[in-house]
Amino acid sequence: MTLHGADGAGGADVLLTVLELIARQAPPAQVEALLDDARLAGLDGEGLVRLERAVELADRIHAGREQDARRESALATLTDTTRDLTFSYDLDSLLRVITRRARRLLGLDLVYVTLRAPHGACYVHTTEGSRTGADRTAGPRLAPGLKIVEGYGLGGAVQLHGEPVWTADYLADERFAPSGSLDAGVHAPAFDEAAEAALRAEGVHAMMAAPRRRGDTVIGALHGADRRVRDHTSEEIGLLAALADLAALAVDKAGLLDRTRAEVSELERDSSRVRTSLTRMRHVSETHGRIMNLVLSGGDLCNVAKAAADALDATVTIRDPGGRCLATAGDVPALDEEAVAKASLDAHARRRPVLAADDTWVAPVIAGSEDLGGLVVRAASGLTGEDERLLELAAQAVAFLLLMRRSTAVAEGPVRDELLDDLIADPPHAPQQIAQRARRLGVDLRKPHVLVVARPEGGEQGRAVVWASSYAYRLSGLKTVQGGCIVLLLPGIDASAAAKAVAAELSPLLGHPVSVAAAGPGWSPDGVGRMHQEAGRCLDAMSALGGTGSAASVQDLGFLGLLLSDDHDVEGFVESAIGPVLDYDAERFTDLTRTLEAYFASGGSPTNAAEALHVHPNTVSRRLERIGELLGPEWQKPGQVLEVQLALRLQRTREVLAQGRAAADPSRPPAPQDRAG
């Protein structure tokens, strides 16, 4: 390029060239080269001055453009940072975005964020560019979790003033030394040996910090540092402050999101609990409906117990007030009866289910103030609140069923009493019509049945009569009252067991002894009157023998029962007294019966019995041991000895009579009672 004098056209050309370079956004070096060329070409005076001024202005324009570019880049970075913050949701991710952008935007070596703890001190939460993070040497590190004493360093100054603070060389700045002051001697900065050592380990010199605010409260600071000494421009301070404000928004956003998540989670848990509760309540309602339908459709206690056991996934036992089992569903485990009894008292006192022990629950079966029994439930997996409610409802259903039975029994009581009165009348009233009447009441007299006579020895008879009506109805039997005694006709073949069952249930109910006698079994309506007479004689015999308050059957009285019985069942008496010995002789062709006779004939002397039998005394001893195994260890006690001797004499008499009949009529087959002696 050829340059001419300042006043000539060449000077104008030079200025035009400068404008062209500025318009093309040429680098400053080209403009500086134009000035050098003008000097070499001899341009001087006013023209050179104007050219120098033009180059200076070009430099300013270029610097302004660079500043605008940096500002535009910073704004773009802030925009990108803001956008990135919308994609991150947890506090760690949000603050990592802030620290990385701050380090890249401001060209810093180290950026970290401190948060204010509730007790006043601060701690490092996030770092970017720390070189001690990978350094495993001893000593504190500028890493997340490092606690910083309240009021220490730039963070303390930011906390105090609420404005950005910076220094060209932090470690050499006396304002941040323990003896220094940030506000004319009013405030002396705190000193934190660990934080100081961490900053020295990082090699930090130039530092700046901007406050993170929540409203008017400073909740932390954003720190930027270089490992060289330099000044910070106002633009850098402004950018750091803007990023600190974004960091504050990020923390608020993260806190809001955490609270929102917690609230949503709690709502979900509440919703789940409500759904579960509604499901369980629906299950309770449906199960209660099924149990009540069973009760109303005529179901018995076993059906109710099974329905409750299925619903609770447990073993259920229904007990009466005396603790006796009325119905069971499932395999009943061994229970701590003492704990169950105590829990039963508590349950009736509180009128709700009570935990006994080992997942065993007791629910009271009550009607008003009347104790009807209880439900004992064993649930291996325990019971929830809804399960307890279901157990309570099941107990109410059982109480309702028991009351229905009692009401039905009381309502049918006169009819059933009249039927049993007719059965035991002498002579009986129209047996065929009686059988039809019994079937209409649900009593089948063609099946085996026993007759029980119970005489309360104290207490209120009315209560005993009400109980007897319910008991007979429960067992599909009949009941009446004659001569102050309760008469029960019950299905079964074991008269002794029936008598003991009645005594075991009625005596605790009255709180007084009850004398109970039983006879049977019988298989037709015609035998009911005879069984009633036998049971009555048995009851009188028990009283005469001092057995008031006990329970027995005609068979239990031994030879007395034989005398009291109308049919004089000799064969049955012999069978009950020495039947095992007779059977043993018949099967093995032994002489145990003859040995018994010889033993009693010799006054209970094995030696004399051996002489009579022409055997060794040891043989008699061994036979007596065998007899003891067959008849039981108490066979030689006075009461049983008397029955054994009587049975031996009756058996010998029957054999003699049978032999006489056989001699008179050789064609007659031997009688069933003929046994080997």
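Residues numbered from 1 in each chain as written. Predicted model: local features only at pLDDT ≥ 70, side-chain atom pairs only at ≥ 80, totals over all residues. Heavy atoms only, no water.

Student: Would you mind showing me how to read helix H19 (residues 617-631) here?
Tutor: The periodicity of an α-helix, 3.6 residues per turn, causes residues three or four places apart in sequence to face the same way. The first and last C-alpha atoms of H19 sit 21 Å apart over 15 residues, in line with the 21 Å expected at 1.5 Å per residue. Among all positions of H19, only Thr 619, Val 620, Leu 624, Ile 627, Gly 628 and Leu 631 are buried. Downstream of H19 by one or two residues, Gly 632 has phi in the positive range, about 105 degrees. (Helix = DSSP H or I, 4+ residues; strand = E, 2+ residues; numbered from the N terminus. Expected span 1.5 Å × (residues − 1). Buried < 20%, exposed > 50% of the residue type's maximum accessible area, 1.4 Å probe, protein only.)

Student: Would you mind showing me how to read a nonpolar patch on the surface here?
Tutor: Together, Val 274, Leu 278 and Met 281 line one region of the surface with nonpolar side chains, adding up to about 280 Å² of accessible area. Locating Leu 278 in the fold gives a position in helix H7 (residues 234-296). A residue is classified by how much of its surface remains accessible, and Leu 278, at 45% relative accessible area, is partly exposed. (Patch = residues over 30% accessible without salt bridge, like charges linked within 9 Å, V, L, I, M, F, W, Y side chains within 5 Å. Areas by Shrake-Rupley, 256 points an atom, 1.4 Å probe, with all protein chains shown as cover. Salt bridge = Lys/Arg side-chain N within 4 Å of Asp/Glu carboxyl O.)

Student: Please clarify how unusual backbone geometry should be interpreted in this entry.
Tutor: Only a minority of non-glycine residues have a phi that is not negative, and only a minority of peptide bonds are not trans. The omega torsion of the bond from Gly 520 to Pro 521 falls at 15 degrees, within 30 degrees of zero and hence cis. Positionally, Pro 521 belongs in strand S15 (residues 514-522). Although it is not a glycine, Arg 351 adopts a positive phi angle of roughly 60 degrees. Of the residues examined, Arg 351 reaches a relative accessible area of 44% and is grouped as partly exposed.

Student: Explanation requested: empty space enclosed by the protein in the structure shown.
Tutor: A water-sized probe, rolled over the atoms, reveals where empty space remains. Within this structure, the stated rule accounts for 5 cavities of 30 Å³ or more. Estimates place the volume of the largest cavity at around 220 Å³. As for the largest cavity, its lining consists of 25 residues, of which Ile 148, Tyr 152, Gly 155, Gly 156 and His 223 are closest to the centre. Looking at the lining of the largest cavity, the elements with two or more residues in it are strand S1 (110-116), helix H5 (153-161), helix H6 (193-202) and strand S6 (217-225). (1 Å grid on protein atoms, 1.4 Å probe; cavity = no way out; pocket = protein on both sides within 12 Å on 5 of 7 lines; lining within 4 Å. Points joined across faces, edges and corners; volume = space filled by probe spheres on them.)

Student: When you look at the sheet that holds strand S8 (residues 325-329) in this model, what are you seeing that I'm missing?
Tutor: Consider a sheet: its strands pair through backbone hydrogen bonds, and that pairing is either parallel or antiparallel. Read across the sheet, 5 strands follow the order S8-S7-S11-S10-S9 without closing on themselves; strand pairing throughout is antiparallel. One side of each edge strand has no neighbouring strand; the edge strands of this open sheet are S8 and strand S9 (354-357). Averaged over all adjacent pairs, the angle separating strand axes in this sheet is 25 degrees, with direction ignored. (Pairing = 2+ DSSP bridges. Axes fitted to C-alpha atoms, helices over the stretch in contact; angles between N-to-C directions.)

Student: What is the right way to read the packing of H7 against helix H8 (residues 301-312) from this model?
Tutor: The description of two packed helices rests on the angle between their axes and on the distance between the axes. At a minimum axis distance of 9 Å, the contact between H7 and H8 shows a crossing angle of 170 degrees. In this view, H7 runs roughly antiparallel relative to H8, as classed from their interaxial angle. Where H7 approaches H8, its residues His 283, Thr 287, Ile 291, Leu 294 and Val 295 are matched on the opposing element by Asn 303, Val 304, Ala 307, Ala 308 and Ala 311. (Parallel < 35°, antiparallel > 145°, perpendicular 65-115°, else oblique. Contact = heavy atoms within 4.5 Å.)

Student: Would you mind going over the packing of helix H17 (residues 592-601) against helix H18 (residues 606-613) with me for this structure?
Tutor: Running from amino to carboxyl end, H17 crosses H18 at an angle of 125 degrees, the nearest separation of the two axes being 8 Å. The angle between the axes of H17 and H18 places the two elements in the oblique class. Classified by chirality, the crossing of H18 by H17 is right-handed. Mapping the contact onto sequence places Arg 594, Thr 595, Ala 598 and Tyr 599 in H17 and Pro 606, Ala 609 and Leu 613 in H18. (Left-handed = near helix turned anticlockwise from the far one by under 90°.)

Student: So what exactly am I meant to see when it comes to the nonpolar core here?
Tutor: Ranked by internal contacts, the top residues of the largest apolar core, which has 35 residues, are Val 365, Leu 375, Leu 391 and Val 398. Within the residue set of this core, elements represented by two or more residues are H7, H8, strand S7 (315-319), S8, strand S10 (360-367), strand S11 (370-378) and helix H10 (385-424). In terms of residues, this core owes the most to one element, H10, which gives 10 residues. What Leu 375 contacts, discounting residues up to four positions off in sequence, is Val 316, Thr 317, Ile 318, Trp 361, Val 362, Ala 363, Val 365, Leu 391, Ala 394, Ala 395 and Val 398. Formed by 24 residues, the second largest nonpolar core is a distinct cluster that contains Val 453, Leu 489, Val 528 and Val 554. (Core = buried A, V, L, I, M, F, W, Y, C linked by side-chain atoms within 4.5 Å.)

Student: How do you make sense of the sheet that holds strand S13 (residues 478-482) when you look at a structure like this?
Tutor: Strands sit in the order S13-S14-S12-S15-S16 across an open sheet of 5 strands; the sheet is mixed. This sheet does not close on itself; its edge strands, each paired only once, are S13 and strand S16 (551-553). For this sheet, the mean angle separating the axes of adjacent strands, direction not counted, is 20 degrees. Pairing of strand S12 (residues 449-456) with strand S14 (residues 485-491), which is carried by 6 bridges, proceeds in the antiparallel orientation. Each bridged residue has a counterpart across the sheet, and for Val 450 the counterpart in S14 is Leu 490. The sheet strands contacting helix H12 (residues 461-474) are S12, S13 and S14, and the helix crosses S14 at an angle near 10 degrees. Running at roughly 150 degrees to S15, helix H13 (residues 495-510) makes contact with S12, S14, S15 and S16 of the sheet.

Student: Where do I start with a negative patch on the surface in this structure?
Tutor: On the surface, Asp 336, Glu 338, Asp 358 and Asp 359 cluster together into a patch of negative charge. Looking at the element boundaries, Glu 338 is found in helix H9 (residues 337-350). For Glu 338, a relative accessible area of 68% corresponds to the exposed category. (Lys, Arg positive; Asp, Glu negative; His and termini not counted. Charge placed at Lys NZ, Arg CZ, Asp CG, Glu CD.)

Student: Can you help me understand the pairing of S6 in this one?
Tutor: Each regular strand displays side chains that alternate between the two surfaces of the sheet. Where burial is concerned, most of S6 is hidden: 8 out of the 9 residues are buried. In the sheet, strand S5 (residues 207-214) pairs with S6 via 8 bridges, with the strands oriented antiparallel. Bridging from a neighbouring strand, Arg 214 pairs with Thr 217 of S6. Here S5 hands over to S6 after 2 residues, with Gly 215 in that stretch at a positive phi of 70 degrees.

Functional significance is not addressed by these values, which are geometric in nature.
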